[in-house]
Amino acid sequence: FSNPNRESPNNSTTMALPTLPCNLDALPTVQATLPDHLTEEILLRVPTAADLARASMAGPSLRRIIADHSFLRRFCALHPPPLLGVISCSFIPSEPPHPSAAAARALTDSDFSCSFLPSREPPWCRCDFRDGRALFCVVPDDRVLVRDFAVCDPLHRRYLLLPPVPQDVSDLVYHCQPFLAPAGEDDGTGIAADASLRFRVMCLAKYQTQLVIFVFSSSGPHAGQWQTVAFDGWSTLVAGISEDARSTICFGKRYYVHRCFCWAIPGNGINKLLMLHIRTMEFSSINLPPGTRDCEVAFVEASEERLGMFTLHFSPEDYAYHLWYAILVGIGDDPRQWQTEDVVPLPHDYCYYTVGVAGGYLLLNGFPKNPDMRDPDCFSLNLQTMKLEHFCGASYVMPLQSELYVGFPPSLSPPTI
């Protein structure tokens, strides 16, 4: 356990806690002499969800405290959840020897298709997963905005149907991307009792002449309503591009970095990174290096609130893939230049695609160059150590239609709706 005399994780005043044995099996004996609130403070210092699960099996009194939803919400807010698997056609758990494999096994029977949703025609389609929630929508047949959404909690089989998105039916939508977002941040420093129940749904819509994002909040002054935010700089960003070309502008995979969502726009003469800050709900853009136009890119959180970027390069000289890592830094009079920090070689036997970034990992889908020799695999790159390791078999992983599952086992996951 951590130093019992340090400041408590919820930023409350420092309290002296008893020294505990390292053996979790001895916890019931110690806990019998403590009031529940001190036991909670001790359990909040358990370093991992796996250790907390072991502690819950040590005795009924500890299991009662750990199973309480208010305690679980505090624990989940204080401990970064691990990457447990990939949600594609089904849930694909991480496999040994990956450190999250044991926890991932508990999710194999979960209903991530959310079959408990009321049937619709056209049927519901999953479009995102974040913080224990799945976002489903009904995709219209024509080129109009997606209007019908449902937010689901697959582990607890709960759902919430959202009101339809308001729109002018005469406006044609050339790109529509719905996704889940964290709730707005409180001004206080404490953890709100209902923090884990708050969420936002966003829908990025590109029209012929404007870029708009629709926002639904579960809490706050506009709870239960859709709000509209337009990107005033969109016309400047696409200046010099013909109207026909504007309709074909494509957005890259979405990433969440330092409280910003970001999308690479590599083609059509733009080659920029579009960013949306979720606290201010303001758009901005950053130039991308010229060499990224024909490459897959992924964006991560670098140190000191800086932006990091991985670029997947194929080298014809050695017929192999490499990951180039660069960070956005200030150099001289130019505050935004990309500086290469590292090059990570990848196993030669595969062609690669990025699946996403979550839980401190970049996940890659590897397709064997000789499919007769082996099956596809997923590899995880630890963003702290730059160590690449096998994550899971990937025969059923579709990189463009998969979400990463970051969370805790069902027994340590309180309801999110």
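As shown above, the structure is provided for reference.
Structure report, in brief. (Residues numbered from 1 in each chain as written. Predicted model: local features only at pLDDT ≥ 70, side-chain atom pairs only at ≥ 80, totals over all residues. Heavy atoms only, no water.)

**With respect to the sheet that holds strand E20 (residues 361-368)**
For step 1, the next point in the chain: The strand order across the open sheet built from four strands is E19-E20-E21-E22, with neighbouring strands paired in antiparallel fashion. The outermost strands of the open sheet, each flanked by one partner alone, are strand E19 (350-358) and strand E22 (388-393). Strand-to-strand twist in this sheet, taken as the mean axis angle between neighbours without regard to direction, amounts to 30°.
For step 2, the next point in the chain: As judged from the six bridges shared by E20 and strand E21 (residues 377-382), these two strands associate in the antiparallel manner. Bridge assignment links Gly366 to a residue of E21, and that residue is Asp377. (Pairing = 2+ DSSP bridges. Helix = DSSP H or I, 4+ residues; strand = E, 2+ residues; numbered from the N terminus. Axes fitted to C-alpha atoms, helices over the stretch in contact; angles between N-to-C directions.)

**What to know about the nonpolar core**
For step 1, the next point in the chain: Within the largest apolar cluster, 34 residues are counted, with the highest numbers of intra-cluster contacts made by Leu273, Phe299, Leu307, Phe310, Leu323, Trp338 and Tyr352.
For step 2, the next point in the chain: It is strand E17 (residues 320-331) that contributes the most residues to this core, seven residues altogether.
For step 3, the next point in the chain: Within the second largest apolar cluster, 24 residues are counted, among which are Phe231, Leu237, Leu274 and Leu276. (Core = buried A, V, L, I, M, F, W, Y, C linked by side-chain atoms within 4.5 Å. Buried < 20%, exposed > 50% of the residue type's maximum accessible area, 1.4 Å probe, protein only.)

**Digging into the pattern of salt bridges**
Pairs can form between side chains of opposite charge whenever their charged atoms are close.
For step 1, the next point in the chain: Counted under the stated rule, the structure contains ten salt bridges.
For step 2, the next point in the chain: Residue Glu40 pairs with Arg74 through a salt bridge whose shortest N-O separation is 3.6 Å. Of this pair, Glu40 sits in helix H2 (residues 36-43) while Arg74 sits in helix H5 (residues 69-78), and the two are 34 residues apart along the sequence.
For step 3, the next point in the chain: In this structure Arg74 comes out as buried when scored by relative accessible area, which is 18%.
For step 4, the next point in the chain: Between Arg157 and Asp111 there is a salt bridge, and its shortest N-O distance comes to 3.1 Å. Separated by 46 residues along the polypeptide, Arg157 in the loop between strand E5 (149-153) and strand E6 (158-161) and Asp111 in the loop between helix H6 (101-104) and strand E3 (124-130) bring together distant segments of the chain.
For step 5, the next point in the chain: Beyond isolated ion pairs, a larger network of salt bridges with shared partners links Glu40, Glu41, Arg45 and Arg74. (Salt bridge = Lys/Arg side-chain N within 4 Å of Asp/Glu carboxyl O.)

**Quick look at the sheet that holds strand E7 (residues 175-181)**
For step 1, the next point in the chain: Taken in spatial order, the four strands make up an open sheet running E7-E8-E9-E10, and their pairing is antiparallel. Looking at which strands have only one partner, the edges of the open sheet turn out to be E7 and strand E10 (226-230). Sheet twist, expressed as the average angle between the axes of neighbouring strands with direction ignored, equals 20°.
For step 2, the next point in the chain: In terms of strand pairing, E7 meets strand E8 (residues 200-206) through seven bridges, oriented antiparallel.

**Thoughts on the packing of aromatic side chains**
For step 1, the next point in the chain: Within this structure, the stated rule accounts for 25 aromatic pairs.
For step 2, the next point in the chain: Relative to Tyr405, the ring of Phe91 lies with its centre 5.9 Å away and its plane at 80°, an arrangement referred to as edge-to-face. Placement of the pair is Phe91 in strand E2 (residues 91-93) and Tyr405 in strand E23 (residues 403-406), with a sequence separation of 314 residues. Each member of the pair, Phe91 together with Tyr405, is buried.
For step 3, the next point in the chain: An aromatic cluster is defined as three or more aromatic residues linked by ring pairs; in this entry it consists of Phe314, Tyr319, Tyr321, Tyr350, Tyr352 and Phe379.
For step 4, the next point in the chain: Over the ring of Trp124 we find Arg120, and its NZ or CZ is 5.3 Å from the ring centre.
For step 5, the next point in the chain: Sitting over the face of the ring of Tyr256, Arg130 holds its NZ or CZ atom 4.8 Å from the ring centroid. (Phe/Tyr/Trp six-rings, centres within 6.5 Å; stacked < 30°, edge-to-face > 60°. Lys NZ or Arg CZ within 6 Å of the ring centre and 35° of its normal.)

**Section: unusual backbone geometry**
For step 1, the next point in the chain: Cis geometry is adopted by the peptide bond preceding Pro97, which originates at Pro96 and carries an omega value of 10°.
For step 2, the next point in the chain: Its location among the elements puts Pro97 in the loop between E2 and H6.
For step 3, the next point in the chain: The step from Glu121 to Pro122 runs through a cis peptide bond, and the omega angle for that step is 5°.
For step 4, the next point in the chain: Inspection of the secondary structure assignment puts Pro122 in the loop between H6 and E3.
For step 5, the next point in the chain: Of note, Cys114 is a non-glycine position whose phi angle comes to about 50°, a positive value.
For step 6, the next point in the chain: Note on placement: Cys114 falls in the loop between H6 and E3.
For step 7, the next point in the chain: Here Cys114 falls in the buried class, since its relative accessible area comes to 3%.
For step 8, the next point in the chain: Although it is not a glycine, His258 sits at a positive phi angle of roughly 50°.
For step 9, the next point in the chain: One can find His258 in the loop between strand E11 (254-257) and strand E12 (260-265).

**A closer look at the packing of helix H3 (residues 49-56) against helix H4 (residues 60-67)**
For step 1, the next point in the chain: Here H3 crosses H4 at 135°, and the two axes come no closer than 8 Å. As the angle between them shows, H3 and H4 are arranged oblique. In contact with Leu52, Ala55 and Ser56 of H3, H4 contributes Leu62, Arg63 and Ile66. (Parallel < 35°, antiparallel > 145°, perpendicular 65-115°, else oblique. Contact = heavy atoms within 4.5 Å.)

**Re the pairing of strand E1 (residues 83-87)**
For a regular strand, side chains alternate in direction, first toward one face of the sheet and then toward the other.
For step 1, the next point in the chain: Across the five residues that make up E1, a large majority, five, are buried.
For step 2, the next point in the chain: Judged from the four bridges that link them, E1 and E23 form a sheet pairing that is antiparallel. Considered in E23, the bridge of Gly85 is made with Tyr405.
For step 3, the next point in the chain: Relative to E2, E1 runs antiparallel, the two being bridged by three bridges. Residue pairing across strands places Val86 opposite Ile92, the latter belonging to E2.

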